[in-house]
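In case you want the letters, here they are:
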Amino acid sequence: MIAIELKGISKKFGGVTALDNVSFKLEKGKTLGLVGGNGSGKTTLLNSITKMVAPDRGEVYFKGKRIDKLPAYRIARLGIGRIFQTGGVFKNMTVLENLLVASDGKRENEAERILKEVALLEKKGKKAATLSGGQQRLLEFGRVMVRNDELILLDEPFAGVSAENSRKIESVIKKLQEEGKTIILIEHDSARIKRLCNQIIELEKGSIIRRE
Amino acid sequence: MKKVLLILKNKYFYRLTRGDEKVNRRIILISAAVIAVGLVVFFGLNQMGLAGLSAPEGAGGTVKIGIMLPLTGDAALYGESIGTSLELAKEEINAEGGILGREVELVLEDSACNANEGVKAINSLVNLKGLKLIIAAECSGPSLTAAPVAEDAKALYLVAVASNPDIKYAGDYVFRIAPSDAQQGKDIAQIVYDGGFRNTAVLFMDNAYGEGIAGVFMEEIGRLGGKVAIKQRFNQDDSDFRTQLLKTKETGPDSLFVVGYPQAYQLIIKQMYELGLNAQIFAGDTFKEASIVEALGDKVEGAIFSAYAESNSEEFRRFKEAYRKKYGKEYGPYGDYGYDSLYVLKAGIEYAKSFDPEVLKEKLYGVEYRGVTGLTKFDSYGEVDKPFGIMTVKDGMFVPYEAG
Amino acid sequence: MVLEQLAVNGIIAGSEYALLAIGLTLIYGILRLIHFAHGEVAMVGAYSAFVVSVVFGLPLIAGFFVAIAAGALLGIAVNRIAFRPVRKQHILIGLITAIAVSILLQNAIALFFGNDIKTYNLGAVEKGIEVFGFIITKTQIVIVFTAVALMLLTWAFIKKTKIGQQVRAVADNRELAESIGIDSEKVIACTFAFGSALAAAGGVLIAAETNLAPMMGLMPNIKAFAAIIVGGIGSIPGAIFGSYFIGLAENIGIWFLPSGYKDAIAFFILVIFLLFMPTGIFGKKKEGIEQ
Amino acid sequence: MIEAYILHLLIFICIYAILSMSLNLITGYAGMLNLGHAAFFGIGAYASVLIVMAGFPFWLGFIAAGAIAAFFGLLLSVPALRLRGDFLAIATLAFGEIIRSILVNWTEFTRGPLGIPGIPKPEIFGIAFDSLWMYFILAFIIAAVAYFVLRHLLNSNFGIALKAIRENESVAASLGKNVNLLKMQAFVVGAFFAGLAGSLFAHYITFIDPGTFVLGETILMLLMVALGGMGSLEGSILGAIILILLPEPLRFIGLPSAVVGPLRQIIYAAILIVLVIKKPRGLLGTQWFGGIVSDSN
């Protein structure tokens, strides 16, 4: 079953082409690695899926249903979660609140179970701003888990994270894979890409130049 | 009960504090607030003890009189002139031995020409400072909100100036020494009609004062058989009336009735001349302000307006002279009424031989006081029926208008 | 005849708004802050000219220049006391200090000069000059031309002077400007001085046409807000255009509407622009607007 | 005597606490700078008075005051969804002025600037709230209910979602939060409570005119919010207490008549500047509000 499919996505910012006719399919349960230099359009691609930017042309299908006309929150509610390159946690909210905001009506003990999984339970009453970069990233993973998203978009989750937290993050990703989640991962480290991904797409100036 | 409280505590207090590290600080601050309230109570009680008048009948000492004035806001100009005139009256009275041997002290409170502030001011005067004698001079909003509070506190509420006809029904403790707007609108309409003007443009300020007088005026002029060429409102802070005046000019009126504050009169007449609109000017009692003539010179010559004061009496000349001597300038608008109000109160107290509002509110009906603003004699509503004077500008001076 | 006269009325009002609007838009451009006390700066300017021309008996033109200097100094002081300490705080905090400054200035003037009306004693009132079917007075002609001259001066200041370039740089990107060695605090102080001087000049012109009162700055300042939204916030030509637009719309509008709605017209235009053309006529960026 | 004075202040505190809490919901929690809150207050006051004086019972007027204000809140939330930061502030300011203009000019309905005098004290199911004590009890109950309702709302998912939006709208959207709907709800709820406060105010003060519901009132409410702390409901109550009480001690400064008014205002303004500069996050605010600062992206 195809989890996500992009057809001919293009996006220009002013005169600069960010994405040029990008198309791909990804099967459910698979992990896609997105690689490419800075400004090659990787983040814009994720933004086009979650509608943080609206593509100029092209179509996006999630589980066979066209979603590119939906507003961002509706897309998120279909089960698409993401982890941001920066600024993804609500810094002035507590760790627990950061999870509760994602869980809509779930009970606190459920949120606490997940905090335990991402090793943040003892921080639950602290402001998210007090967490380290890696812990903030883990908190975002917690949010994705509490929402039980099917498709998870990861934008450089290892950037600027200590070795210890990187290991934790990697094990969380593996666990998500075991649970059958579909993942798109932006990452520079080719060894890590090889370890984690089934497919690889390389972008340059907004175009796909390599598929594996 | 205990269980309910526990649930509430768990539900709200726990969640209130969840994840908040500053709980202690919060609790401390809230208690600080409560303490602040307590301090105000203490402060108030203390002040009450100091506030004199604990024994209204007692001889000697001072008598404190609460004064409500617009010291800030739109009508601050009037607050200032009434306040200084009251100050003058106080000094004169004290120089001659006070009222029933007691020295007069004025306690001022700002009503800001605002209904909301008026309530706060009167509460401070009658309830906090415990004053039983109030002189109020202000806009209609605060007079209408403050009068019931004074009534509840059984404090005498003497209105020096306030325009609104509704004050008539405000209560037993409420007296007014100035005639109401209803009278004024009628009188000026009569003058307009008698002068042979049949097509009058009306331009008025969008507050209770302007609306009140203009409303009565338009009704009366219609009844008499005249015509209102056009009626227009303006905002009391406006300074550009050119388009209103252009509209007026297009309707070709023979006369223009304007109600506003002095600033508006001055600008309207100026812009009227600049635009080449010629019409006889009629105005409300706010017109009697020297700066209008100063600024406009011969352009206001012949303007006709209603006025409170009976301005040729001996008393009036004496007041005018005394004010000039004390402050080095002419008295401001309604200063005469402010000045008279304290004397009326004095006359009432001396007539009743008592400072007690309970006694005063009965005895005031028997007072006849001839002062700067003419004869003050209250009817059964506590209103006066001073006739409105009609005045005009002649050789740059305000003089009584004589028809023909 | 009527239409010409309405247009002239609108242009006179617009010229008065424009001098406030330019300062507002400059300050907004650089600080992203609504300067609520800007009208009070104009008011203080008007009163300082009053002191010079009426109290000391010098010609009004001397008062005009003193007002400009006083306005500049006051602008710097306001920035220093009320805005600089809260620069890094929430926008609402800046708004509150600005409001407090405005209350402070209004009442300080009321305290020193009293609440009675003051004028510059510009001589007797006379009928305006009739040209091309409309009437305009000498004072009004002076107002319009002075306003235009000051606008040209502003243009020269922004485009031709070094400090003007720095102002534009800081308005564009403060961090970047600082990284190339611009002292942004100095630039902000200069912007306040310049904008406030213009406002003070505007205050003198308004007072010459009307009169002086502690509250005189309030309404023109709010109209100037409307003007900068219409013209496109941050843009100087926009502020000027917007001022004339609002002046004309008000005066032509109440020809058709009951005149009690005069002030509402400006606000109505404001809301319409915010909803349907939030970048204004001259605005470039989609700033502050949801994408 | 003194009791009447204290009760009067307490009633004002209750009314203004409702106003500042409701404004805090819109401005402090949802991050929308609202300079038109006094218009909701006024709409509530007029709605309640006109309904009650037409012969309907107080409770109906009271509920209608909230409902009609909420409807206007819904209207105003339309620009609120599209504008941000001070643009929204200016739009709401304009809204307030337009409402004031309508109250002034629509004289057939509102009596215009003459205002409406002689507003009756409320009576609910046979209980007359005509003494100060009774009115204080009524005001206190309503303020307490407002507090618990708002506190409950803010502790629920709604409140957490609002916080999230204030922090970062796009991240909140990526978690499935309908940003527009939430903002709209905040506006409607805030306006509703302001409308209730309007009804409470009008029947206490017994006279209303358009001059009462002006920008200055909104600014007072904003000061309460900012002083107590944005995003702190308890802070808003504290802000209301302080700003209602602050001018009172200043009444005891004995000064000549011409200077007493302006000087009091100057002192008031100076205290505000100092407080705000020394405690920019308010007395109870613990948070930093990146969300409202008009970041230009």
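Residues numbered from 1 in each chain as written. Chains lettered and ligands numbered in written order. Predicted model: local features only at pLDDT ≥ 70, side-chain atom pairs only at ≥ 80, totals over all residues. Heavy atoms only, no water.

Draft legend 1. Here's a closer look at the overall build of chain C. Tallying secondary structure elements over chain C gives 11 helices and two strands in all. Helices (α) and strands (β) of chain C occur, in sequence order from the N terminus, as α-α-α-α-β-β-α-α-α-α-α-α-α. With respect to the three principal axes, the spread of C-alpha positions in chain C is 60 × 45 × 35 Å. With 291 residues in all, chain C has 64% of them scored as buried. Counting only carbon and sulfur atoms, one obtains 70% of the accessible surface of chain C, whose full area is about 10,800 Å². Charged side chains in chain C number 19 positive and 16 negative. The centres of these two groups are separated by 9 Å. (Helix = DSSP H or I, 4+ residues; strand = E, 2+ residues; numbered from the N terminus. Buried < 20%, exposed > 50% of the residue type's maximum accessible area, 1.4 Å probe, protein only. Areas by Shrake-Rupley, 256 points an atom, 1.4 Å probe, with all protein chains shown as cover. Lys, Arg positive; Asp, Glu negative; His and termini not counted. Charge placed at Lys NZ, Arg CZ, Asp CG, Glu CD.)

Draft legend 2. The arrangement of the sheet that holds strand β3 (residues 133-137) of chain B in detail. All names here are of chain B. Read across the open sheet, the five strands follow the order β2-β1-β3-β4-β5; overall the sheet is parallel. Edge strands, defined here as strands with exactly one partner in the open sheet, are β2 (103-110) and β5 (174-176). Going from strand to strand, the sheet's axes swing by 25° on average, the running direction of each strand aside. Bridge count for strand β1 (residues 62-69) against β2 is eight bridges, and the pairing is parallel. Pairing of threonine 62 across the sheet is with glutamate 103, part of β2. (Pairing = 2+ DSSP bridges. Axes fitted to C-alpha atoms, helices over the stretch in contact; angles between N-to-C directions.)

Draft legend 3. Seen up close, the arrangement of the chains. If you rank the five pairs of chains in contact by how many contacts each has, first place goes to chains B and D. Taking C-alpha atoms only, the smallest gap left between chain A and chain C, which are not in contact, amounts to 9 Å. (Contact = heavy atoms within 4.5 Å.)

Draft legend 4. Up close: the packing of aromatic side chains. By the definition in use, this model includes 46 aromatic pairs over all chains. Ring geometry for tryptophan 133 of chain D and phenylalanine 136 of chain D: centres 6.2 Å apart, planes at 70°, overall edge-to-face. Taken as a pair, tryptophan 133 of chain D and phenylalanine 136 of chain D lie in helix α6 (residues 132-155) at a separation of three residues, close to a single helical turn. In this structure phenylalanine 136 of chain D comes out as buried when scored by relative accessible area, which is 15%. Feature note: the residues Phe316, Phe319, Tyr323, Tyr327, Tyr331, Tyr339, Tyr343 and Tyr369 of chain B constitute an aromatic cluster, connected by ring pairs. (Phe/Tyr/Trp six-rings, centres within 6.5 Å; stacked < 30°, edge-to-face > 60°.)

Draft legend 5. Highlighting the sheet that holds strand β2 (residues 16-27) of chain A. Residues and elements named next belong to chain A. Taken together, the four strands give an open sheet; going across it, the order is β2-β1-β4-β5, and neighbouring strands pair in antiparallel fashion. In the strand order of this sheet, the two ends are held by β2 and β5 (65-66), each with one partner. Across five bridges, the pairing between strand β1 (residues 2-13) and strand β4 (residues 57-62) is antiparallel. Looking at the pairing, serine 10 lines up with arginine 57 of β4.

Draft legend 6. A look at the side chain of serine 166 of chain A. Residues and elements named next belong to chain A. Along the polypeptide, serine 166 turns up in helix α6 (residues 163-178). Serine 166 gets classed as buried once you look at its relative accessible area, which sits at 8%. Setting aside its immediate chain neighbours within four residues, serine 166 contacts Phe158, Val161 and Arg192.

Draft legend 7. Structural detail: the packing of helix α1 (residues 2-29) of chain D against helix α9 (residues 179-205) of chain D. Residues and elements named next belong to chain D. Remark: α1 packs on α9, axes separated minimally by 7 Å, with the N-to-C direction vectors making an angle of 165°. As judged from the angle between their axes, α1 and α9 are roughly antiparallel. Note that α1 runs across α9; the crossing there is left-handed. Here α1 contributes His8, Ile11, Phe12, Ile15, Ile18, Leu19, Ser22, Leu25 and Ile26 to the contact with α9, which in turn contributes Ala186, Phe187, Val189, Gly190, Ala191, Phe193, Ala194, Ala197, Leu200, Phe201 and Tyr204. Partitioning the contact of α1 with α9 into residue classes produces 17 nonpolar, three polar and no charged. (Parallel < 35°, antiparallel > 145°, perpendicular 65-115°, else oblique. Left-handed = near helix turned anticlockwise from the far one by under 90°. Nonpolar A, V, L, I, M, F, W, Y, C, P; charged D, E, K, R; others polar.)

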